[in-house]
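Structural features, examined
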Amino acid sequence: MSGVFAGSRPSPADRSLSLLERIVPAPSAWAFALRIWLAMVLALYAAFWLQLSGASSAAVCVAILAQPKRGQALSKALYRFLGTLAGGAISILLIGAFGQDRVLLLVSVATWLGLCVFVAHFLQDTRAYGAMLAGYTVAIVAVAHIDTPQAVFEAAIDRVAAITIGIVAITFINDALASPSTWRTLRKSLSEVLSATRAFARETLSQADPGSERAAALIRQIAVMRADASAIGGELDDGARRAAGARSAIAALYAMAAASRAFTAAGRMLGRDSEAVTEARRICLGLTEAGSDADAASDRLCALVDEAIQGGTSEPLEIEPLEILALQRGLDFARAVSFAEDGLNALSTGCRPRRDVALPTHRDLPVALRGAARVGIAFGATALLLIAAGWPATSFALVQVAATCSLSAIAPDSKAFARGVLVGMPLAALCAGIVLFGVLGGEQGFPLLAIAIAPVIFVACFLSLNPPTFGIGFILLVFFMVLLSPSNPQTYDAQTFLANAFLVTMAAGILFVAVRIVLPISRAQRRAFALDSARDSVLDALAGDGGDATTRTSLNSDRLLQFSQWSSGSGAVRAASLDRAFDLARLESAAARAHAQLCRLPDDPALNDASRQARDGLEAADAATLARSVRAFLRHGRSTSAPTRLDIARLVSDLVTAGGVMESQHRLLRRLGILRPA
């Protein structure tokens, strides 16, 4: 015994060490901050050496591209470059068309901002950032030179050059100092989530369904890896194969969670497991342990499904549809485990995975429209206010409003981002003032500038690595350099600095107010939008326009994740709401898969009538018609070839699932207009 009992209070030394661990950043955070500082210094030096008029933009570019992992920075850099090119081209076009009419120019800029933000809502990760950047680059280039339209072309070229220097600088520093690889971090995360998904499935198969709340929490763990999966494509020569493997594994994790829950639900409806279902459960439980042979399990489960289809006598009712459903979901689980392991192996080794799937995300059209309109309204209202007030630096203020509003539009939580901006902007102005007039104090030496900016950059990097303070850290890192505006020679105009500091703080206030009063979206509205989107997707799937089943699984999972984030109320109400959302997702997926399987069936007169009946039942959302088509398929299934029997088994399982949801959720479906009134 060490003499320290479990119930004793920690010593002052232990408490001090614990406090230091919470306050002092980890070594990886120091390494990240060092890389960003060196990249900023290198970018500034190169921009000064090339005598660019907007040399500070190179350092600002590095600040915006500050990412702890190399693949993330590369992906963001690519779309930043493309967005800058697009924005520069549009700036020249708008100035050429409306250079003599300021009102039309500002209206066209506001329209372009809204359009870019609208498009960004439907893109993912760094692609969304690129679309948004193409919007506010027009404000930086065109609006900033509204009084000197003849200088717009030169300004666009200078900005592209500065952005290029910033990209090259941060890429060089990340490579030279061995920035952490995204794929290595993702491999560890994917391995951990695979273990968590196996544990979830083991609990589901051996005990009972943990419920929709636990399933949504697991989906949240899986979904956070999508950004890294899309970022590793350009990190290595074989990055495209590694990225495909990661996407395949993530899609398989979604399928594992859904199949394990569906297997348990089918077993519960059966009441008592048959020998085949008992064996399938045992096989699936074996797959929840690492080192199991998923391919061999899939082969055995295929055989069980085939035997079940052939197992009746002349009476088709002796073939239990629920048994087919349970066995098929067991087979789906085994195949998902196989894809997950194959995808993880492809991510680790760079070999080609068995499949390459997309992971689309769900976006609601009303949310995108409101976000785009909010940016346009905020920009236009600010322009009217400043012009009416006769403010001399209107263009600078409009640029900041355009940039901050656009950034908030693609943030996961616009209000949280606005709070970060409201704190970060004055902090950036204070730090820039201290460095400019206190530390530099009129000096012109580049080494002194590099040393003077280091403390602020390090603190901003530390804040940006902490999720609760990310917004503050990001704004401090970016707008510290915007306000400091390093140049050669350095200017020390206190009046201009104070005016700019006031304008960026005002822009932060405008953003804070805009996200709350300009077309705000409540939690209830977001849930309603998600429900409307789910309804439309279900109707499309029932009509045969559901698309690829794997793609639908990713979209459904993302919609369920968003729905769970915006759900509130008591535990029972929230659980019931999530249950209904999962039921709609099951109906959509089952209908989409059923239509796909119907297209795969051979042209057999014995199956054509059943196929026609199944399509009619799906389009009419008629559970009774679906049940009749299931009996017809089971009646004729035994006389077909083995591949066709497996297709029929999969089709029957999806038709049974769709019919079950129609019967159990008929009130909800009728209220949503999916079922016809009785």
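Let me sum up the structure you'll find in this document. The structure displayed is predicted, hence computed values, not measured ones.

This part is about the overall build of the protein. Helices and strands together make up the secondary structure of the protein, namely 27 helices and zero strands. In terms of overall dimensions, the protein has a C-alpha envelope of 95 × 75 × 50 Å along the principal axes. The proportion of buried residues among the 678 residues of the protein is 54%. Positive and negative side-chain charges in the protein, numbering 62 and 55 respectively, have mean positions lying 5 Å apart.

Within the structure shown, the criterion is met by eight aromatic pairs. Their ring planes at 75° and their centres at 5.5 Å tell us that Phe437 and Phe497 sit as a pair that is edge-to-face. One end of the pair, Phe437, is in helix α17 (residues 414-440); the other, Phe497, is in helix α20 (residues 494-517), with 60 residues separating them in the sequence. We classify Phe497 as buried; its relative accessible area is 8%. A connected cluster of aromatic rings, assembled from ring pairs, spans Trp30, Phe458 and Phe462. Between the NZ or CZ atom of Arg355 and the centre of the ring of Phe339, over which it lies, the distance is 4.0 Å.

Time to look at the environment of Gln400. For Gln400, the location among the structural elements is in helix α16 (residues 394-409). Between the C-alpha atoms of Gln400 and Asn174, which are 226 residues apart in sequence, the distance is 29 Å. Beyond its immediate chain neighbours, meaning those up to four positions away, Gln400 contacts Phe479, Val482, Val504 and Ala507.

Here the focus is the packing of helix α13 (residues 294-310) against helix α26 (residues 642-664). Relative to each other, α13 and α26 sit at 85°, their axes nearing to 9 Å. Relative to α26, the element α13 lies roughly perpendicular. Counted together, Cys302, Val305, Asp306, Ile309 and Gln310 of α13 and Ala642, Arg645, Leu646, Ile648 and Ala649 of α26 form the full contact between these two elements. Here the residues of the contact of α13 with α26 are counted per class, giving seven nonpolar, one polar and two charged.

What follows concerns empty space enclosed by the protein. A complete count under the given rule lists two cavities of 30 Å³ or more for this structure. If you add up the space inside the largest cavity, you get close to 90 Å³. Lining the largest cavity, in full, are Ala530, Leu531, Ala534, Asn556, Arg559, Leu560, Phe563, Ala581, Leu584 and Ala585. Of all the secondary-structure elements, those providing two or more residues to the lining of the largest cavity are α21 (523-542), α22 (549-566) and α23 (571-600). Per-element accounting of the lining of the largest cavity gives the leading share, four residues, to α22. Grouping the amino acids of the lining of the largest cavity by side-chain chemistry returns eight nonpolar, one polar and one charged. Quantified by volume, the second largest cavity comes out at close to 30 Å³.

Mapping Asp158 onto the fold places it in helix α7 (residues 152-176). Of the buried charged residues, Asp158 lacks a salt bridge, with Arg159 as the closest side chain of opposite charge at 11 Å. With residues near it in sequence (within four places) discarded, Asp158 still touches Leu52 and Ser53.

Another point: unusual backbone geometry. With the exception of glycine, the majority of residues adopt a negative phi angle, and the majority of peptide bonds are in the trans configuration. Following Asn488, the chain continues to Pro489 via a peptide bond in cis, the omega torsion being 5°. Relative to the assigned elements, Pro489 resides in the loop between α19 (470-484) and α20. For Ser485, which is not glycine, the phi dihedral falls at a positive 45°. Relative to the elements of secondary structure, Ser485 occurs in the loop between α19 and α20.

This part is about the nonpolar core. Grouped together as the largest cluster of nonpolar side chains are 116 residues, with contacts concentrated most on Ile36, Tyr136, Phe379, Leu477 and Phe480. Setting aside residues up to four positions removed in sequence, Phe480 forms contacts with Ala428, Cys431, Ala432, Val435, Ile453, Val456 and Ile475. Core analysis: the next-biggest nonpolar cluster, separate from the first, contains 103 residues, Leu186, Leu194, Phe200 and Ala276 among them.

It is possible for side chains of opposite charge to pair when their charged atoms get near one another. In the structure shown here, the tally under the stated rule is 23 salt bridges. A salt bridge links Arg354 to Asp295, with the nearest nitrogen and oxygen atoms 2.9 Å apart. Linking Arg354 in the loop between α14 (321-349) and α15 (365-389) with Asp295 in helix α13, this pair joins segments that are 59 residues apart in sequence. In this structure, the salt-bridge partner of Arg586 is Asp583, at a minimum N-O distance of 2.2 Å. On the criterion of helical spacing, the pair formed by Arg586 and Asp583 is a turn pair, its members being three residues apart in helix α23. Exposure remark for Arg586: the relative accessible area of 33% places this residue in the partly exposed category. The buried category is assigned to Asp583, whose relative accessible area is 8%. Through salt bridges with shared partners, a single network forms among Arg329, Asp332, Arg593, Arg650 and Asp654.

Rules used in this analysis
Residue positions are counted from 1 within each chain, in the order its sequence is given. In keeping with the predicted nature of the model, local features appear solely for residues at pLDDT of at least 70, side-chain atom pairs appear and are counted solely at 80 or more, and the whole-chain, interface and lining totals rest on all residues. Calculated side-chain values reflect all of the structure's heavy atoms, with hydrogen atoms and water omitted. The helix and strand labels rest on DSSP assignments: H or I over at least four residues marks a helix, E over at least two residues marks a strand, and numbering proceeds from the N terminus. The rule is simple: take the accessible area with a 1.4 Å probe, protein chains only, and divide by the maximum for that residue type; under 20% is buried, over 50% is exposed, in between is partly exposed. The charged-residue count follows a simple rule in which Lys and Arg add positive charge and Asp and Glu add negative charge, with His and chain termini not counted at all. To locate a charge, the coordinates of NZ of Lys, CZ of Arg, CG of Asp or CD of Glu are taken. A pair of Phe, Tyr and Trp rings is counted when the ring centres sit within 6.5 Å of each other, with Trp represented by its six-membered ring. The angle between the planes then sorts it: under 30 degrees is stacked, over 60 is edge-to-face, the rest tilted. Charge-over-ring contacts are defined here by two conditions on Lys NZ or Arg CZ: a distance within 6 Å of the ring centre and an angle within 35 degrees of the ring normal. Two residues qualify as a contact provided that any one of their heavy atoms is within 4.5 Å of a heavy atom in the partner residue. Axes here mean lines fitted to C-alpha atoms, for a helix over just the part in contact, with angles spanning 0 to 180 degrees between N-to-C directions. What sets the label is the angle itself: under 35 degrees gives roughly parallel, over 145 gives roughly antiparallel, 65 to 115 gives roughly perpendicular, and the rest give oblique. Think of it as three bins: nonpolar holds Ala, Val, Leu, Ile, Met, Phe, Trp, Tyr, Cys and Pro, charged holds Asp, Glu, Lys and Arg, and polar takes everything else, Gly as well. Cavity and pocket criteria rest on a 1 Å grid covering protein atoms alone: a 1.4 Å probe that fits but cannot get out defines a cavity, protein on both sides within 12 Å along at least 5 of 7 lines defines an open pocket, and an atom within 4 Å of a point defines a lining residue. Grid points are joined across faces, edges and corners, and a volume is the space filled by probe spheres set on the points. In the sections that follow, a salt bridge refers to a side-chain nitrogen of Lys or Arg positioned within 4 Å of a carboxyl oxygen of Asp or Glu. We call a set of buried Ala, Val, Leu, Ile, Met, Phe, Trp, Tyr and Cys residues a nonpolar core when their side-chain atoms join them within 4.5 Å.

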